[in-house]
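Take a look at the letters that make up each chain.
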Amino acid sequence: MKKIVLLGALALSAFAALVQADDKPLRIGIEAAYPPFAFKQPDGSISGFDYDIGNALCEEMKVKCQWIEQEFDGLIPALKVRKFDAVLSSMSITDDRKKSVDFTGKYYATPAKLAMKAGAEMKDPATDLKGKKIGVQRSSVYDRYATDVFAAAGAEIVRYSSQNEIFLDLASGRLDATLADSVNIDDGFLKTDAGKGFAFVGPDFTDVKYFGEGQGIAVRKGDKALADKISAAILAIRANGKYKEVQDKYFQFNVYGE
């Protein structure tokens, strides 16, 4: 009888611990300087597709989101030292990053593009960019591609902590081009007053070796339980219409991709 009581007490204790764990917020790292995926409102609050998708996922998983801002190049190091539990910040799923973190399934996929002065000739980016200054966000997939491909062709790669800084220097003439996500360039620059006179040039850049399998949510290496839980939530919000509701707030196309 005592054994039964003891087992019952242990079961209740385990259940209580599980409930308590579920009550803990999901701490999510984000860089809030990447419109339309994440940006600051005039009152200082965070907005954007990444932010809204994250909140939808937390609602689906019945946990509270706790958002923690971090510059992009510091997101993975901060995740590793447990500053947060996950990174939801338009991070491409690449083999190189998989050495450091684990990923959920993708939650969107868009190609990379070059933006330059309208009318610029770009038949072969690997050769036509010789002598040009190209701005990229430090530690991004665009940085890696530009370093391996464009720098080898004679381009000068200039690295920045945020894409917004790149847009400022491109508009002022301190850069000749930027390589970045096509949607971010379009919404964050080309559709703004600062982007007048600039345009996309050249092809889409989609090499899986560099640009990965789409954008996913990173968790610490080995945290399969959390990755699986978030992946299931991504599928759930795509099935119940919540994903499309968030998507349609920001885009007029299928941002999830194929």
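Residues numbered from 1 in each chain as written. Predicted model: local features only at pLDDT ≥ 70, side-chain atom pairs only at ≥ 80, totals over all residues. Heavy atoms only, no water.

Draft legend 1. Seen up close, the sheet that holds strand S4 (residues 65-69). Read across the sheet, five strands follow the order S4-S1-S5-S12-S6 without closing on themselves; strand pairing throughout is mixed. Edge positions in the sheet fall to S4 and strand S6 (101-103), since each of these pairs with one other strand and no more. Pairs of neighbouring strands in the sheet enclose a mean axial angle of 35°, with direction left out of account. In the sheet, strand S1 (residues 26-30) pairs with strand S5 (residues 86-92) via two bridges, with the strands oriented parallel. Within S5, the residue paired with Gly29 across the bridge is Val87. Running at roughly 150° to S4, helix H2 (residues 49-61) makes contact with S1, S4, S5 and strand S12 (215-220) of the sheet. Sitting on the sheet, helix H10 (residues 224-240) touches S1, S5, S6 and S12, and the angle it makes with S12 is about 155°. (Pairing = 2+ DSSP bridges. Helix = DSSP H or I, 4+ residues; strand = E, 2+ residues; numbered from the N terminus. Axes fitted to C-alpha atoms, helices over the stretch in contact; angles between N-to-C directions. Contact = heavy atoms within 4.5 Å.)

Draft legend 2. Geometry of the packing of helix H7 (residues 163-172) against helix H8 (residues 182-190). Between H7 and H8, the shortest axis-to-axis distance is 11 Å and the interhelical angle comes to 60°. By the angle between their directions, the pair H7 and H8 is classed as oblique. Crossing of H7 against H8: the hand is right-handed. Facing H7, whose interface residues are Gln163, Phe167, Leu170 and Ala171, H8 presents Asn184, Ile185, Gly188 and Phe189. (Parallel < 35°, antiparallel > 145°, perpendicular 65-115°, else oblique. Left-handed = near helix turned anticlockwise from the far one by under 90°.)

Draft legend 3. Fine view of the side chain of Gln215. With respect to the helices and strands, the residue Gln215 is situated in strand S12. Residue Gln215 is classed as buried on the basis of its relative accessible area of 3%. At 2.9 Å, the side chain of Gln215 and the side chain of Ser92 are in polar contact. Sequence-distant contacts of Gln215, defined by excluding residues within four places in its chain, comprise Ser90, Met91, Ser92, Ile93, Gly105, Lys106, Tyr107, Tyr108, Ala109 and Thr110. (Buried < 20%, exposed > 50% of the residue type's maximum accessible area, 1.4 Å probe, protein only. Polar contact = N/O pair within 3.5 Å; in protein donor to acceptor, adjacent residues only side chain to side chain.)

Draft legend 4. Here's a closer look at the pattern of salt bridges. Applying the stated criterion to the full structure yields 18 salt bridges. In this structure, the salt-bridge partner of Lys249 is Asp52, at a minimum N-O distance of 2.9 Å. Taken as a pair, Lys249 in helix H11 (residues 242-250) and Asp52 in helix H2 lie far apart in primary sequence, 197 residues in all. On the accessibility criterion, Lys249 (55% relative accessible area) is exposed. Linking Glu245 and Lys242 is a salt bridge whose minimum nitrogen-to-oxygen distance equals 3.2 Å. Linking Glu245 with Lys242, this pair stays in helix H11, spanning three residues, or about one helical turn. The partly exposed category is assigned to Lys242, whose relative accessible area is 27%. Ionic contacts of the salt-bridge type, sharing partners, join the residues Arg27, Asp85 and Arg220 into one network. (Salt bridge = Lys/Arg side-chain N within 4 Å of Asp/Glu carboxyl O.)

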